[in-house]
Structures are given as structure tokens and as C-alpha cells.
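# Architecture and fold: a report
Each chain, letter by letter, is given below.
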Amino acid sequence: MAPSCRGPCLSAGLLRPCQPSALLATALLRPILPPTLPVRDPVLVRDPVSPRPFLRDPFRRSLPSREFAWRKSDKTLYMLDSRSFTYVYFVRRIAVVTGSNKGIGLEICRQLASNGVTVILTARDENQGLEAVRNLKTSGLSDILFHQLDVTNTTSIASLAEFIKTKFKKLDVLLLGPNAKKGEIFKQSLEGAEACLRTNYYGVKLLTEELIPLLQQSDSPKIVNVSSTFGKLQYVSNEKAKETLSEIDGLTVEKVDEVVKWYYEDLREDLLETKGWPLEFSAYKVSKAALIGYTLVMAKNYPKIAINTVCPGYVKTDLNCHTGIYTVEQGAKGPVMLALLPHGRPSGLVAIVTGSNKGIGLEICRQLASNGIMVILTARDENRGLEALRNLKASGLSAILFHQLDVTNQASVASLAEFIKTKFNKLDILVNNAGIGGTEIDPDALKGKKIGIDDLVRGPDSKLKQEMFKKDFGVAEACLKTNYYGVKLVTEELIPLLQLSDSPRIINISSSMGQLKLISHENAKKELTNVDGLTIEKVDELVEEFLEDYKEDLVETKGWPANLAPYIVSKAALNGYTRVMARNYPRIAINAVCPGYVKTDLNYNSGILTVEQGAKGPVMLALVPGLGPSGMFYNQMKVSTF
């Protein structure tokens, strides 16, 4: 029986492969089960708590056959992970979906149940809820339960919590679906606005806070809040509210409450237009903006729970009188994807991008923040960094911070590390992007010309092109200090914080110009090719040898590249460093990637790719689920050779 891909996935290869089953819990057993334990290797096995069969290989990975073992002492089925030789156990995942008797909520229940999750469908109206469960069971889904729930009623919420505690003793997924009634959104009346706020914001708060203790009993707890693009700050025109919700560092639940109260008081006094609040769907927009703010605060307060918010898109539902453009099947994909992400990613993830006030670095920040990552944008120039931060926040991205960083300065790097340690106590993603060219180029010589790397570096006309470049030892030395030694300095300072992450990764922005085919220096090529014997000390020695030859004007005599030598050597050294670090730190995914020939200041905008295209490869590596590949060189989004 071959596994079939039934789960949702992201486009552009950001998260893959799909996860057809959510039955695999990733908590490793220590110590390994005794060798006398009876072992079986069936093609199809059954969950000991549920008669529902599931596939042998939920993640569709090309791994050796898996071994399964049933232990009577705890009535649990265990699976041997071929890679780590440790046993992981299968458990039934429990999910609650609010407002799920119809529309997107109902489809979320269907997709979760199809992925092996036991779903508790909830609705205010008991008859409608029971009817929805009957329909789902008729379609062949058996792991669906119903419990009445009114998210605005504390007694109803407490009853649900007691039901889950008694029956399951834990909760894995809390998915807060769209709960507001159609009339509550369109009515501008005080009564309609109050009902909308009570359901969309206060109801989420009540339920979440009641169920947090049960979520904390899960190995991989997740909260998914279904929001809307109307909740983005670009739709909140009240300056005081926008300023409050933009201050991620100082944002608290109490401050979010204050924003909601300001809106309600101004509505009651008929001051919406005067105070700058939105006039159309104002209560809905404010409730969703508050929900997004609440999500950010809760993700910060509960780092062990993956807490995210998602807009399902403009879906055809009763809420919008079926004027949407997406089906409920399409709308449910995002929430379900977040519910099934391994290890609860991406909530609470923290990323640093060096040299990110412009160009590719800035776009990497934009794409990471758009994927729910807390991004620390860095730059040498504080004013330019803060300006970049303001521009990103003006576009509606709020999960971005700035910290000054000079990658060549030990004190600056240490200051950044202390900031991360104090604020987050861990780091998940490090993107080493800061870099300089290392050679002064006549920009006029590049205008209107398409010059290939081979032609520039080692082609028959490469010597003729030397007139385009001005050699300067100070500039060359600065290039190596930034592109190679700077990466080393930042990486080694932040390794301890990366080791505190469940899924750490380092992405070094390199270049195809650093590939060994462009290195003609025999000893350098020999050392960098010998991966097993390569050490950081040997890479350092090669860099020092190059700088000495450059200073003595012996670059061509010693066989180094004729043109752009500092940049080429810095990136070749960075690639070598990447391979060594990947070997030295097997629990951290460490890769190098060439973003392609992108239009940036570095090449006087002579590139052929946009920064959006150039950022795709680094972002893909940052978001690959699990440990992912390590010690590899990527050319854009494809594996290449060193």
C-alpha cells in the first residue's frame, strides 16, 4: 500500500514534503527500548487507541524499512527511526475546532480527520453541530466528536475543557475558526460591534486561556487563530492603535485590550471618523487586528506552544454572502498546514539576517516575516537599518526588530548575542548575508554589457577586462574580513544560542563565483576539495596566504584568479567553512547558497534577477521542516557542487 499525499503543502518548495499523517509524535524515548522487545515490520499497522489504520511511512521519506514494536506495559506502539536508531511513539492527536459546523471550520475538521487527527467539532447550536458530525461520519470519517461550545460563555468553555481533560487528558491542536455571525460583521450598530468583538477577540482569549493547561500536556501543542487580511495594520487608521499594536517588544495582552476599549468607546460616542477608525466593517477589522496582536503576545509568552494566525483567503461562506473567490477546501489548507507542521513550527522562531537594510538581505527579512518568523534586521548604519525597519512595518509586517551590527567588530557581535539571549534565550535561524565586493569597479564599463563569469575570471579575454577593476589591498582585506572572517565571528558567537533551538539552521549567502572550478591556485583547490581533512585552520591559512600574495602583487604569479580575486577567494573560503561547520555541528543544518545574479548595489544593478527571486533560495533553506539538508551548496533553489 503506497503512501498517498493527502495533506496540505506550501507552494514554492518552502515546506515539503506533505504530511499525510499527524499520528507521529516526535518525542524520542531515552533510553532505547531493550533489545528483547518483540519487533514487527508490517506494511500497515493500527493505532492501539483507535481502529483506524495508518500508513507505515507518514512522511514519505526515502528511508530504510521501519521496525514497529508493541509494548504491553504502556499499551503503546513504537517505531524505530532508522536515522537515529531511537524509538519514537505513535499517539493519537487531539484537535478542537471552534465554529466548525459549516464553512471553513467544517472543512478544517474534514481535512484534519483525513490526516488521522481526532477532531472535536464545536458549534453554538447543538442540533447543527450534531448534523455536521453525522455528515462527516457518513463520508467515512470516524474520529470526529461533537461538543457544544459558545466561545463567549465561560460555563460552556469550562464544560469543553472538562470534557477534554476527562477523555484525553491533553490537547494537541486548538484551531479557533471564524466564529462571528454574518450580521455581526455588517452591522455598524453598537450591539453588532459588541457581539463581533466578544466573539472574535474576547472569545478567543477566554477559550485559549482555559485550554492552555491541556495544551501544555502535549508534546507538540499548536494554536491556530483564523484571522483576516483586514486585521493588518494597514487597515487600522487610528494612529494611537496602530502605534500600540506595532510595538512588538512592549505589546501585552492588556495593551491589546486597551485598543479594543478605545475603539468601543469611540463607537459609542460616534467618534469613529473623528478618531480615524475605519468606517466600513470597523468592528471586524479591529477585532482581527486585536487577534493578531494577541497571537504575537501569546507566542512570546508561551514559547513551547506554536501559536500562529492565518488568513484563509476570500472564501465563499455565509459570512460574506458567498461572494468570495476561493472554495472552503482552498481556504482550509493554510490552517490545516499550520496544525500539522512538525515540531510546531513556525511559531516563536527567531531569525537574524546580517547586512539586511537593503537588497537581498532586506527581501529575505520580508519573506521570513511574511512566514511568521520573528526577524532581527541588522545593519552597520543604524539610521539605514531603522529606515528599512520602518518601511517593512509600513507594509504591514510587524514581527521585525532592528539591532545594529558590524560583523567585523567583536563588541558589536557580542552586543547582538546578549540582546538575543536576554530577549529570546535562543536563536533558530542565522542568515549570514553581509558582504562586500572587494574590488573597485568602473560602473560605466558594466553598462549595457552581459559578461559571463567565465569570460570575466578565466576566459581568453579575462586579461583584457582587467582595466575594469582597480586593485586596492585595503579594499581586498576588508572584503575577506567581512565575507569570511565576519561570518566566522558572528557564527561562533551565536552557536550557543542556536544550540538551544529545536530546529537550528545557518544559511551562508555565497556565490557561484566561489565554486572551486574558478580557483586555479593548486594548493587552495587541493585543500578545499579534501573535505574529510579540511579544517577551519586550513581555510584560515589559505585566506592568509592569498592576502599575503595580494599585498605582494603576486596574485597571477601564484595562480589566483586574475579578476575579482578577493571576492572569489572569500566565497570559496566561506563554502569551505560551511562544509567544516556542518561536519562539526551535525545537529545544526548549515548550508551555503548562491542567490543568483541579482540586481543589487554590489554589481551596480547589472544583475538579471530581482531581489524577490534571489531571496527564494535562502528562505527555502530557512523554512525547510525538521533538520533538513546540511553541508550543501545551493545555486538558487537547487543543489549544486562546491
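Scope of this entry: the structure provided in the associated data block. What you see is a predicted model, and the numbers here were worked out from it, not measured in a lab. Chains are numbered independently. Their residues run from 1 in the order of the written sequence. Reporting in this predicted model follows two pLDDT cut-offs: at least 70 for local features of residues, and 80 or more for side-chain atom pairs to be given and counted; totals over whole chains, interfaces and linings ignore these cut-offs and use all residues. As a rule here, side-chain values cover all heavy atoms of the structure and leave hydrogens and water aside.

### Re the pattern of salt bridges
Proximity of charged atoms lets side chains of opposite charge pair with each other. Stated formally: When a carboxyl oxygen of Asp or Glu lies within 4 Å of a side-chain nitrogen of Lys or Arg, that pair is called a salt bridge. Exposed residues in this analysis have more than 50% of their type's maximum accessible area, buried residues have under 20%, and partly exposed residues fall in between, with area computed by a 1.4 Å probe over protein chains only.
In the structure shown here, the tally under the stated rule is twelve salt bridges. In this structure, aspartate 266 and lysine 275 form a salt bridge, with 3.3 Å as the shortest nitrogen-oxygen distance. Judged by relative accessible area, aspartate 266 falls into the buried class, the value being 9%. Judged by relative accessible area, lysine 275 falls into the partly exposed class, the value being 40%.

### Remarks on the sheet that holds strand β15 (residues 400–404)
Note the following rule: Note on pairing: two strands pair once DSSP finds at least 2 bridges between them. Per the convention used, a helix needs a DSSP run of H or I reaching at least four residues, while a strand needs a run of E reaching at least two, with both numbered from the N terminus. The axes are straight lines fitted to the C-alpha atoms, using for helices just the contacting stretch, and the angles between their N-to-C directions are given from 0 to 180°. The contact definition used throughout considers only heavy atoms, calling two residues in contact when any of these lie within 4.5 Å.
On the basis of which strands lie adjacent, the open sheet formed by eight strands has the order β15-β14-β13-β16-β19-β20-β21-β22 and mixed pairing. Edge positions in the sheet fall to β15 and β22 (638–640), since each has one partner strand and no second. Adjacent strand axes in the sheet meet at a mean angle of 25° when their direction is disregarded. Both strand β21 (residues 633–635) and β22 contribute to a ladder of three bridges, which runs antiparallel. Bridge pairing in β22 places tyrosine 634 opposite valine 639. The strands touched by helix α19 (residues 611–623) within the sheet are β16 (429–432), β19 (505–509), β20 (589–594) and β21, with β19 carrying the most contacts at an inclination of about 170°.

### Structural notes on helix α1 (residues 103–114)
Just so we agree on the cut-off: Multiplying one less than the number of residues by 1.5 Å gives the expected span of a helix.
Relative to the 16 Å expected for twelve residues at 1.5 Å per residue, α1 spans 17 Å between its end C-alpha atoms, a close match to the ideal helical length. Among the twelve residues that make up α1, nine are buried, leaving the element largely enclosed by the rest of the structure. Within α1 the residues assigned to the buried category are Ile104, Gly105, Leu106, Glu107, Ile108, Cys109, Gln111, Leu112 and Ala113. Of the surrounding secondary structure, the elements contacted by the buried residues of α1 are β7 (94–97), β8 (118–123), α2 (126–138), β9 (144–148), β10 (173–176) and α9 (328–340).

### Some remarks on helix α5 (residues 190–215)
Residues lying three or four places apart along an α-helix face the same way, a consequence of the helix completing one turn every 3.6 residues. Inclusion rule: Two axes are fitted around each residue, one to the seven residues ending there and one to the seven starting there, and the angle between them is reported as the bend at that residue.
Along its 26 residues, α5 runs 35 Å from first to last C-alpha, staying within 8% of the 38 Å computed at 1.5 Å per residue. At tyrosine 202, α5 shows its maximal bend, which comes to roughly 40°.

### What about the nonpolar core?
The tendency in soluble globular proteins is for nonpolar side chains to be buried as a group. The condition that has to hold: To form a nonpolar core, buried Ala, Val, Leu, Ile, Met, Phe, Trp, Tyr and Cys residues must be joined to one another through side-chain atoms within 4.5 Å.
Residues Ile352, Ile420, Leu427, Leu430, Tyr484, Leu494 and Phe546 are the most contacted members of the largest nonpolar core, which totals 52 residues. Taken together, the elements giving at least two residues each to this core come down to β13 (350–353), α12 (410–423), α15 (473–498), α16 (522–529), α17 (536–551) and α18 (565–584). Element by element, the count of residues in this core is highest for α18, at eleven residues. Dropping the residues within four chain positions of it, tyrosine 484 is found in contact with Cys479, Ile536, Val539, Asp540, Val543, Ser570, Ala573, Leu574 and Tyr577. Judged by nonpolar contacts, the second largest core, of 51 residues, contains Leu211, Ala241, Met298 and Ala299.

### Examining the packing of aromatic side chains
Rules: Centres within 6.5 Å are what make two rings of Phe, Tyr or Trp a pair, Trp counting through its six-membered ring; a difference in plane orientation under 30 degrees is then read as stacked, over 60 as edge-to-face, and the rest as tilted.
All told, the structure shown has ten aromatic pairs when counted by the stated rule. Here the aromatic rings of phenylalanine 230 and tyrosine 235 are separated by 5.3 Å at their centres, their planes lie at 85°, and the arrangement is edge-to-face. Judged by relative accessible area, phenylalanine 230 falls into the partly exposed class, the value being 28%. Of the residues examined, tyrosine 235 reaches a relative accessible area of 31% and is grouped as partly exposed.

### Observations concerning the environment of histidine 403
Mapped onto the elements, histidine 403 comes out in strand β15. Once you skip the residues sitting within four places of it in the chain, histidine 403 turns out to touch Ile376, Leu377, Thr378, Ala379, Ser415, Leu416 and Phe419.

### Focus: unusual backbone geometry
The phi torsion at lysine 169 lies on the positive side, around 65°, for a residue other than glycine. Tracing the backbone shows lysine 169 in the loop between α3 (154–167) and β10. According to the relative accessible area criterion, lysine 169 is exposed, its value standing at 61%. Positioned with a positive phi, asparagine 425 is a non-glycine residue whose angle comes to about 60°. Mapped onto the secondary structure, asparagine 425 falls in the loop between α12 and β16.

### Here's the deal with the sheet that holds β7
Adjacent strands of a sheet pair through backbone hydrogen bonds, lying either parallel or antiparallel. Across the sheet, which stays open at both edges, the six strands sit in the order β9-β8-β7-β10-β11-β12 with parallel pairing between neighbours. Sheet topology places β9 and β12 (306–310) at the edges, where each strand pairs with a single neighbour. Neighbour to neighbour, the strand axes of the sheet diverge by 15° on average, direction disregarded. Two elements, β10 and strand β11 (residues 222–226), share four bridges in a ladder whose sense is parallel. Looking at the pairing, leucine 174 lines up with isoleucine 223 of β11. Contacts from α5 reach β10 and β11, with the element oriented near 175° to β10.

### Topic: the environment of alanine 161
Relative to the helices and strands, alanine 161 is located in helix α3. Along the chain, alanine 161 and glutamate 210 lie 49 residues apart, while their C-alpha atoms are 7.0 Å from each other.

### Things to note about a nonpolar patch on the surface
Let me state the cut-off plainly: Patch members must show over 30% relative accessible area and no salt bridge, and they are joined within 9 Å when carrying like charges or within 5 Å when they are nonpolar side chains of Val, Leu, Ile, Met, Phe, Trp or Tyr. Surface exposure here means Shrake-Rupley accessible area, sampled with a 1.4 Å probe, where a residue is shielded only by the protein chains that are shown.
Judged by side-chain polarity, Tyr314, Ile325 and Tyr326 come together as a nonpolar surface patch covering roughly 320 Å² of accessible area. Examined against the element boundaries, tyrosine 314 turns out to sit in the loop between β12 and α9.

### Details of the pairing of β20
Where burial is concerned, most of β20 is hidden: six out of the six residues are buried. Side chains Ala589, Asn591 and Val593 of β20 all project onto a buried face; the interleaved residues Ile590, Ala592 and Cys594 project onto the opposite face, where all are buried too. Pairing of β19 with β20, which is carried by five bridges, proceeds in the parallel orientation. Looking at β20, one finds that isoleucine 506 is bridged to isoleucine 590. Pairing of β20 with β21, which is carried by three bridges, proceeds in the parallel orientation.

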